[in-house]
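Residue-level structure breakdown
So the chains spell out like this:
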Amino acid sequence: MKKIYNVLFIAFLSALTVFQSCETVELEMLENPNSLSPDQANPSLLFNSVQLSYRNGVSSFNNIGAQLGRIDYMSGRIYFNNYGSGTLNGPWGNLFSSMNPDIAVIEESNTDGSYDYILGASKAMQAHLMMLLVDYVGDIVWSEANMPLDFPNPNLDDDAAVYDAALSLLNEASSLLQGASVGTSTDLFYEGDGGKWIKFINTLKMRAALTTGDYNGVINATNVIESAEDNFTFAYGTNLQQPDTRHPDYASDYTDSGAGLYRSNWLMNLMAGTFGDFSGNDDPRRRYYFYRQNAVTPGSFTLLFWEADENYYLYDGAVDAASLACSAQDVPSHLEFTEQEDYWCSMRLGYWGRIHGNNEGIPPDSFTRTATGVYPAGGRFDDNLDWVILNPDQSNITFYDAAVGLGRGAGGAGIEPIILSSYVEFWRAEAYLMLGQDDPAEDAFEAGVTESVNYVTTFTDPTADTSLAPTAEDISEFIADITDEFSDADENTALDAFDWPVEKSKLDILGEQFFIAMYGGGADAFNFIRRTGYPRTLARNIDPNPGPFPRTLLYPSSEVNANPNVSQRQDNLTQVFWDAGVTNPAN
């Protein structure tokens, strides 16, 4: 068996992508006398607009949900301040100012049924965005929306009623898509396969059933997204300019001036394993998710392989306040004696990110921080070793040269994950657990991990050395081990004096794996936390007093300022109709 010695050595259709305007168009201003009438409009072009507006809206929810779920890094310590009145201006405008008017014109143009396909697909996307808005803010305008002559200041509808309206739209969408043809229109998601759209619709119904506590509706759902070929994603391209069709995270991280985003220390810690490849308990998806530019992070450690005796040692990263300020600071008192002590600032093996709530300034770390990887952003596959190499006479340590840069990796040809087959299996696992059926919950859990790992590992970086890619044996062992951990876990476990679980429960493990699978598409993480109160292993905020964890976000300022019937909230404590108020000790 290998040993580690603790010593310190010195020495698209890409051209269809459009940009979202910073300006907002209010609901009462939608009827423009200068706009095209239905007989002048081209429904196929409007369908393009609907798809891109939907993509933009879902992307916003993915980003917010991922931050709240620690899948991505959240900057800013106080929740209420982080998610202010401007947070949802984009998705609100995507639905009410863009999608709804465009869909109305498509429907008016569909006099002979020739646009059934694009109308059905549009209504499916419309319904999903409606439900997401309800999930994040509660009551929204709907029955009086987009009718400025009759209702210049639309009233809010009850959130449960909007969910019902969305489900009705899904039924309409399914009927329209039966036997319909996409014709000459461009389907950016399913390339003209109406059967896959119907699976997506059924999957949205399944999601609604889980959200509202209809667990039998979840486990009895059929004809849903169950394989990678049916995954509902938006594909980005590699075009750099006019338009830039690359994945937004790639555009931020793969520049000549280095990476611009931070990765979540919580997620990297969860996936890195004790010592990466050396310990063998790492997640096979980690090299696809994260690209390290740096071998050792200040204040943490990596491994060192000494060629003279072919042994591995711990190699400490020196404190460097200039590049990582917290590496020179004491552990915050509320994080002492918790597992977060080990990753609240610095991460092992060269992973370099930030913890939940860290709002430090930006140091010169753009060529050392960890960048997004080949999944889902179309970046680089991490083909860097989990150790540095010391030559026999100890005169030289070899570090890897691994900077990001413009065009590197897969060039930004990533995806926006929206609904994946892995999500569906984790939904089933949750429903079975809530019904007290552990055996089918275990089967669904294993299927969820399997679907996620198998899908992620299909993403390729043509420039990478794939010798470090996980083998089929690695993947099988990981899935078996994590499934055994889930199977052996208790339904409920106690919390210690610091409110951390003494042992992980089934829902802790399910939540962790669901969140890992949602990397790049975390909209539903926010729902899971409020719905279940798990996983309790989430990173705590770096601030001991971050204020209440949101139950809902504020109404968009664009609507509040224009509509006197929508009053702004003064807190983030309003509960959505399906939210029973379950709390998570991590928050």
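See above for the structure.
Now for a look at the structure at hand.

Criteria and cut-off values
Residues numbered from 1 in each chain as written. Predicted model: local features only at pLDDT ≥ 70, side-chain atom pairs only at ≥ 80, totals over all residues. Heavy atoms only, no water. 1 Å grid on protein atoms, 1.4 Å probe; cavity = no way out; pocket = protein on both sides within 12 Å on 5 of 7 lines; lining within 4 Å. Points joined across faces, edges and corners; volume = space filled by probe spheres on them. Helix = DSSP H or I, 4+ residues; strand = E, 2+ residues; numbered from the N terminus. Nonpolar A, V, L, I, M, F, W, Y, C, P; charged D, E, K, R; others polar. Salt bridge = Lys/Arg side-chain N within 4 Å of Asp/Glu carboxyl O. Buried < 20%, exposed > 50% of the residue type's maximum accessible area, 1.4 Å probe, protein only. Axes fitted to C-alpha atoms, helices over the stretch in contact; angles between N-to-C directions. Parallel < 35°, antiparallel > 145°, perpendicular 65-115°, else oblique. Contact = heavy atoms within 4.5 Å. Phe/Tyr/Trp six-rings, centres within 6.5 Å; stacked < 30°, edge-to-face > 60°. Lys NZ or Arg CZ within 6 Å of the ring centre and 35° of its normal. Pairing = 2+ DSSP bridges. Patch = residues over 30% accessible without salt bridge, like charges linked within 9 Å, V, L, I, M, F, W, Y side chains within 5 Å. Areas by Shrake-Rupley, 256 points an atom, 1.4 Å probe, with all protein chains shown as cover. Lys, Arg positive; Asp, Glu negative; His and termini not counted. Charge placed at Lys NZ, Arg CZ, Asp CG, Glu CD. Core = buried A, V, L, I, M, F, W, Y, C linked by side-chain atoms within 4.5 Å.

1. Considering empty space enclosed by the protein
- Computed from the structure, the largest cavity encloses a volume of approximately 60 Å³.
- Forming the walls of the largest cavity are Val58, Asn62, His128, Leu132, Arg207, Ile418, Ile419, Tyr423, Met518, Gly521, Ala523 and Asp524.
- Listing elements by their share of the lining of the largest cavity, those giving two or more residues are α1 (43–68), α4 (116–137), β11 (415–419) and α15 (523–532).
- Residue classes in the lining of the largest cavity are distributed as 7 nonpolar, 3 polar and 2 charged.

2. Details of the pattern of salt bridges
- Enumeration over the complete set of coordinates arrives at 23 salt bridges.
- Between Arg207 and Asp524 there is a salt bridge, with the nearest N and O atoms lying 2.8 Å from each other. Of this pair, Arg207 sits in helix α6 (residues 194–211) while Asp524 sits in helix α15, and the two are 317 residues apart along the sequence.
- Residue Asp524 is classed as buried on the basis of its relative accessible area, which comes to 9%.
- Where Asp382 meets Arg287, a salt bridge forms, and the shortest distance between an N and an O atom there is 3.8 Å. Of this pair, Asp382 sits in the loop between β8 (371–372) and β9 (387–390) while Arg287 is found in helix α10 (residues 286–289), placing the two residues 95 residues apart along the sequence. For the pair Asp382 and Arg287, one class covers both residues: buried.
- Via salt bridges that share partners, Asp277, Asp282, Arg286, Arg287, Arg292, Asp382 and Asp386 belong to a single interconnected network.

3. A short note on the packing of α6 against α15
- Interaxial distance between α6 and α15 falls to 11 Å at its minimum, and their mutual angle equals 30 degrees. The orientation of α6 with respect to α15, classified from their angle, is roughly parallel. On the side of α6, the interface is formed by Arg207, Leu210 and Thr211, while α15 contributes Asp524, Asn527 and Arg531.
- Here the residues of the contact of α6 with α15 sort into 1 nonpolar, 2 polar and 3 charged.

4. Points about the packing of aromatic side chains
- Counting across every chain of the model gives 44 aromatic pairs.
- Both rings, one in Phe234 and one in Tyr236, keep their centres 5.2 Å apart while their planes meet at 75 degrees; by these two values the pair is edge-to-face.
- When its relative accessible area of 1% is taken as the criterion, Phe234 is described as buried.
- Relative to Tyr519, the ring of Phe290 lies with its centre 5.5 Å away and its plane at 65 degrees, an arrangement referred to as edge-to-face. On the criterion of sequence distance, the pair formed by Phe290 in strand β5 (residues 290–291) and Tyr519 in the loop between α14 (506–517) and α15 is long-range, its members being 229 residues apart.
- Here Tyr519 falls in the buried class, since its relative accessible area comes to 2%.
- An aromatic cluster of three or more residues is present, and its members are Tyr54, Phe189, Tyr190, Trp197, Phe200, Phe232, Phe234 and Tyr236.
- Above the ring of Tyr351, the side-chain terminus of Arg292 is found at 4.7 Å from the ring centroid.

5. Overview of the pairing of β9
- In the sheet, strand β6 (residues 301–306) pairs with β9 via 4 bridges, with the strands oriented parallel. Of the residues in β9, the one forming a bridge with Leu303 is Trp387.
- Across 2 bridges, the pairing between β9 and strand β10 (residues 397–398) is antiparallel. Along β10, the bridge assignment pairs Ile389 with Thr398.
- Counted between consecutive antiparallel strands, the loop separating β9 from β10 contains 6 residues, among which Gln394 sits at a positive phi close to 60 degrees.

6. A closer look at a negative patch on the surface
- Negative charge collects at one region of the surface, where Asp439, Asp443, Glu446, Glu473, Asp474, Glu477, Asp481, Asp484, Glu485 and Asp488 lie side by side.
- Considering every element that reaches the negative patch, the biggest residue donor is helix α13 (residues 472–488), with 7 residues.
- Along the chain, Asp484 turns up in helix α13.
- According to the relative accessible area criterion, Asp484 is partly exposed, its value standing at 43%.

7. Thoughts on the nonpolar core
- Counting residues in each nonpolar core, the largest one holds 157 residues, and the members touching the most others are Trp197, Phe200, Phe232, Tyr375 and Phe515.
- Broken down by element, the residue count for this core peaks at 15 residues, all from α4.
- Here Phe200 is in contact with Tyr54, Ala124, His128, Tyr190, Ile225, Phe232 and Ile419, once residues within four sequence places are set aside.
- Counting residues in each nonpolar core, the second largest holds 18 residues, with Tyr315, Ala377, Tyr400 and Val404 among its members.

8. So, unusual backbone geometry
- Following Tyr375, the chain continues to Pro376 via a peptide bond in cis, the omega torsion being -5 degrees.
- Mapped onto the secondary structure, Pro376 falls in the loop between β8 and β9.
- A cis amide bond, omega -10 degrees, links Tyr534 with the succeeding residue Pro535.
- Note that Pro535 resides in the loop between α15 and α16 (557–562).
- At Asn146, a position not held by glycine, the phi torsion is positive, near 60 degrees.
- Of note, the phi angle at Gln394 is positive, near 60 degrees, even though the residue is not glycine.
- By the secondary structure assignment, Gln394 is in the loop between β9 and β10.

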